[in-house]
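# Observations on the model geometry
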Amino acid sequence: MKASFHKIASATMALIVLFSTMSFSVDMHYCGDHLVDFSLFDNVDTCMMKAEMSKSSSECAVMEMDMDCCTDVEVVLEGQDDLKISFDQLTFDQQVFVASFVYAYINRFEGLDQNDVPFKDYSPPPLIRDIQILDQTFLI
């Protein structure tokens with residue numbers, strides 16, 4: 001049970017470190033209010049409406065003005081870069097905490113000099129007759 005708990009805890013901590021240092025970006029392309037393209041790993045493709053329209057039509061000028069409604073959105077989640085905590089400068093409160101923790105931890109494992117038995121000098125009462133056997137009362 002204890003070994004499996006340690007394995008699960010270490011795997012969980014490794015995944016926490018992995019996901020806290022990982023960064024990724026999400027690219028999205030909207031035309032108006034509609035999501036046209038979505039990408040996690042690559043850049044999104046922009047609208048090709050201008051290439052599809054014919055240049056000879058009179059509606060081309062009207063359609064080019066409507067192309068301003070297309071937008072590209074990029075959401076970037078930056079991971080943590082600095083994982084090492086520096087202990088170069090400790091405040092007074094931190095120094096007091098470290099000193100008291102070390103003192104309590106060292107004194108926790110301090111053993112006794114001898115095994116003290118408080119009833120060592122006293123002898124048991126004399127056994128004149130065995131009352132349990134005479135009365136036949138046995139604890140089971």
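Keep in mind that this is a model prediction, so the values were computed, not measured.

## Observations regarding the overall build of the protein chain
The helix and strand inventory of the protein chain stands at five helices and three strands. Buried positions account for 9% of the 140 residues belonging to the protein chain. Across the protein chain, every contact between residues at least 6 apart in sequence was considered, and the portion connecting residues at least 24 apart equals 53%. Only carbon and sulfur atoms are counted for the fraction: they give 61% of the accessible area of the protein chain, which is about 13600 Å².

## With respect to the confidence of the model for the protein chain
In regions of low pLDDT, the predicted coordinates are not meant to be interpreted in detail. Scored by pLDDT, the protein chain comes out at a mean of 79, with 82% of its residues at no less than 70. Throughout residues 50-65 the model reports pLDDT below 50, and contacts reaching past four residues in sequence, or to other chains, amount to four contacts.

## Section: the side chain of aspartate 27
Turning to its location among the elements, aspartate 27 is positioned in strand β1 (residues 24-31). Here aspartate 27 is in contact with Asp37, Phe38, Ser39, Asp42, Asn43, Val44, Val73 and Glu74, once residues within four sequence places are set aside.

The rules we used
- Residues numbered from 1 in each chain as written.
- Predicted model: local features only at pLDDT ≥ 70, side-chain atom pairs only at ≥ 80, totals over all residues.
- Heavy atoms only, no water.
- Helix = DSSP H or I, 4+ residues; strand = E, 2+ residues; numbered from the N terminus.
- Buried < 20%, exposed > 50% of the residue type's maximum accessible area, 1.4 Å probe, protein only.
- Contact = heavy atoms within 4.5 Å.
- Areas by Shrake-Rupley, 256 points an atom, 1.4 Å probe, with all protein chains shown as cover.
- pLDDT = per-residue confidence, 0-100.

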